[in-house]
Amino acid sequence: MSLTFHWFLPTYGDSRYLVGGGHGTPTHTAGGARPATLAYLGQIARSAEQLGFEGALTPTGAWCEDAWLSTAMLAEVTERLKFLVAFRPGLLSPTLGAQMAATFQRHSGQRLLLNVVTGGESHEQRAYGDFLDKDARYARCDEFLEVVRGLWRGERVDFAGEHVRVEGAELTRVPEPVPQVYFGGSSPAAGDVAAKHADVYLTWGEPPAEVAEKVQWIRELAAAQGRTPRFGIRLHVISRDTSVQAWAEAQRLLDALDPSVIEQVQAGLGRSESEGQKRMLALHEGSTSKLEIYPNLWAGVGLVRGGAGTALVGSHAEVAERIEEYHALGIDEFVLSGHPHLEEAYWFGEGVLPILERKGLWRHPDRTAAEPAPAGIPFAGTPSPTS
């Protein structure tokens, strides 16, 4: 199977430095020197499309712009790029959610993917009017997706669960095709929901051994449901012509961090209810001394950002090697980001993707057999692929 790559839309702002925010962090920690205007997000989306990314993940939460509205507007300035829209069951009815997805799918030209975010932090959920505890949120998510799946099949749905109840629910037009559902989570409750509903199970960027355990865990749970999901991983990336250049960039980002901000963010994230967030924190334990937790896997992002907190760092060839290593474990989709998101998309798209294409692991979605090769520049030097 050819690898699939998605980029990320920073709907909270962007910067040449690490931007806070994300899972469980205070709303005011997000932001950057580049505001999240439609013009700037459009630049990122169009660049990702040109470079060969399949889609773009858009986050959800009080610390960023609304994912549905932002991507609906960005669909007008792109042609092929899909939008991996993060949304939270429980903040809207399943019938409305199914209808919104069907409408988006039609008007965008079949470019919707859905990242289901159950909600890992009770304090954040309460701000939205949701007062269920974590396990109850997963139970509700299961019921929510049960109704949504039935509506997408064109059924008239009557459902009375513990948390979700609808009578005579149906859609005038079902989405064609049905949007793929992406789902992550590290708790037992999350695993059960993923096994029943996920088309793609997403994990954050842990070392390969831990990722292999997660893949096997979900495979076994899904097999018991008669299902075979695909697997993806969420990572940041710092890829350069040489390893020295890449690690120098990681050090530049680290040097710019205020120790007091690291302490504040780590204290907040330490209270997280999310099993995935706990696993991220365990990778560095708030220390800046041992951030390369596996060859080319750097945990520095997680010092000031909740959620996915690791980055692939190295030469283009080294980053490609790590991607191959994860692929060997069963990972077929990579959801990537970097600071700033516009420039880093080009570093990865022009540096790593051609290596993977030469190895037969990836192909540009727009490429045809008759398409001419890129123009050569005979006087330009070529960096060593092993540097």
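Chains are numbered independently. Their residues run from 1 in the order of the written sequence. For this predicted model, a pLDDT threshold of at least 70 governs which residues receive local features, and a threshold of 80 or more governs which side-chain atom pairs are given and counted, while totals over whole chains, interfaces and linings are taken from all residues. Excluding hydrogens and water, the side-chain values take into account all heavy atoms of the structure.

Draft legend 1. Just the overall build of the protein chain, in detail. What counts as a helix is a DSSP run of H or I of at least four residues, what counts as a strand is a run of E of at least two, and both are numbered from the N terminus. Across its full length, the protein chain holds 13 helices and 13 strands. Radius of gyration: C-alpha atoms only; globule rule: 2.2 Å multiplied by the number of residues to the exponent 0.38. The C-alpha atoms of the protein chain give 20 Å as radius of gyration, which agrees with the globular expectation for 387 residues (21 Å, within 12%). Along the first, second and third principal axes, the C-alpha atoms of the protein chain reach 70 × 55 × 40 Å. Any residue under 20% of the maximum accessible area for its type is buried, any over 50% is exposed, and the rest in between are partly exposed; the area is computed with a 1.4 Å probe on protein chains only. Split into buried and exposed, the 387 residues of the protein chain put 55% on the buried side. Nonlocal contacts in the protein chain, meaning residues at least 24 apart in sequence, comprise 74% of its contacts between residues at least 6 apart. The accessible surface values rely on the Shrake-Rupley method and a 1.4 Å probe; as for residues, cover is taken only from the protein chains in view. Summed over its atoms, the accessible surface of the protein chain is roughly 16500 Å², and 52% of this surface lies on carbon and sulfur atoms. Of note, the protein chain has its 35 positive side-chain charges centred 2 Å away from the centre of its 48 negative side-chain charges. The criterion used for residue contact is that any of the two residues' heavy atoms lie within 4.5 Å. Just so you know, the count uses Lys and Arg for positive and Asp and Glu for negative, and it drops His and the chain ends. To locate a charge, take atom NZ for lysine, CZ for arginine, CG for aspartate or CD for glutamate.

Draft legend 2. Spotlight on the packing of aromatic side chains. The rule is short: rings of Phe, Tyr and Trp, with Trp giving its six-membered ring, pair when the centres are within 6.5 Å, and they are stacked under 30 degrees, edge-to-face over 60, tilted in between. The tally for this structure, following the rule as stated, stands at 11 aromatic pairs. Each ring, one from F8 and one from Y12, has its centre 6.3 Å from the other, and the planes form 50 degrees; the classification is tilted. With relative accessibility at 2%, the residue F8 sits in the buried group. For Y12, a relative accessible area of 9% translates into the label buried. The positively charged end of R16 is found above the aromatic ring belonging to Y17, 5.8 Å away from the centroid. Note on geometry: a ring has a charge over it if NZ (lysine) or CZ (arginine) is within 6 Å of the ring centre and within 35 degrees of the ring normal.

Draft legend 3. Main features of the nonpolar core. Here, nonpolar core refers to any group of buried Ala, Val, Leu, Ile, Met, Phe, Trp, Tyr and Cys residues whose side-chain atoms link them within 4.5 Å. By size, the foremost hydrophobic cluster in this structure holds 74 residues, and its most contacted members are F5, F183, I323, Y326, F334, F348 and L356. Looking at this core element by element, the count peaks at 8 residues for helix α5 (residues 134-152). Excluding its chain neighbours within four sequence positions, the residues that come into contact with F348 are F5, F53, V237, V319, I323, L336 and L353. Listed in part, the 18 residues of the second largest apolar core include I238, A250, L257 and I262.

Draft legend 4. Broad picture of the pairing of strand β6 (residues 165-169). In this structure, strand β5 (residues 157-160) lies alongside β6, joined through 3 bridges in antiparallel fashion. Pairing of V157 across the sheet is with A169, part of β6. What sits between the antiparallel neighbours β5 and β6 is a turn of 4 residues. In short, DSSP must find at least two bridges between two strands for them to pair.

Draft legend 5. How the structure looks around the pairing of strand β1 (residues 4-8). Summarising burial for β1: 5 of the 5 residues are buried, a large majority. A two-sided burial pattern is seen for β1, the buried positions comprising T4, H6 and F8 on one face and F5 and W7 on the other. Note that β1 and strand β13 (residues 333-337) share 3 bridges and pair parallel. Considered in β13, the bridge of F5 is made with F334.

Draft legend 6. Highlighting the state of the cysteines. The term disulfide is used for any two cysteine sulfur atoms that are within 2.5 Å. All told, the structure shown has 0 disulfides when counted by the stated rule. The thiol of C64 is not disulfide-bonded; the next cysteine sulfur, from C141, is found 18 Å away.

Draft legend 7. The arrangement of the pattern of salt bridges in detail. Just to be clear on terms, a salt bridge is a Lys or Arg side-chain nitrogen sitting within 4 Å of an Asp or Glu carboxyl oxygen. Scanning all chains against the criterion turns up 21 salt bridges. Among the salt bridges present, the one from K196 reaches D142, with a minimum N-O distance of 3.1 Å. In this pair, K196 sits in helix α6 (residues 188-197) while D142 sits in helix α5, placing the two residues 54 residues apart along the sequence. The network of salt bridges with shared partners includes R149, D199 and R227.

Draft legend 8. Looking closely at helix α11 (residues 316-328). Helix span is expected to be 1.5 Å times the residue number reduced by one. Along its 13 residues, α11 runs 18 Å from first to last C-alpha, staying within 8% of the 18 Å computed at 1.5 Å per residue. For α11, the full list of buried residues reads H316, A317, E318, V319, A320, R322, I323 and Y326. Looking one or two residues beyond α11, the residue adopting positive phi is G330, at roughly 115 degrees.

Draft legend 9. The arrangement of a nonpolar patch on the surface in detail. Among the surface-exposed residues, L38, L69 and M73 lie close enough to one another that they form a single nonpolar patch of about 300 Å² accessible area. Among the residues examined, M73 registers a relative accessible area of 47% and is labelled partly exposed. Residues forming no salt bridge and having over 30% relative accessible area are the ones grouped into patches, like charges within 9 Å of each other and nonpolar side chains (Val, Leu, Ile, Met, Phe, Trp, Tyr) within 5 Å.

Draft legend 10. Region of the structure containing empty space enclosed by the protein. Grid spacing is 1 Å over the protein atoms alone, the probe is 1.4 Å, and a cavity is where that probe fits but cannot get out, while a pocket is an open set with protein on both sides within 12 Å along at least five of seven lines and lining residues have an atom within 4 Å of a point. Grid points are joined across faces, edges and corners, and a volume is the space filled by probe spheres set on the points. Counting across every chain of the model gives 3 cavities of 30 Å³ or more. Considering only enclosed or pocket space, the second largest cavity measures out at about 50 Å³ in volume. Every residue along the wall of the second largest cavity is listed here: L18, H236, V237, I238, L253, V301, A311, G338, H339 and E344. Ranked by residues supplied to the lining of the second largest cavity, first place goes to strand β9 (residues 230-240) with 3 residues.

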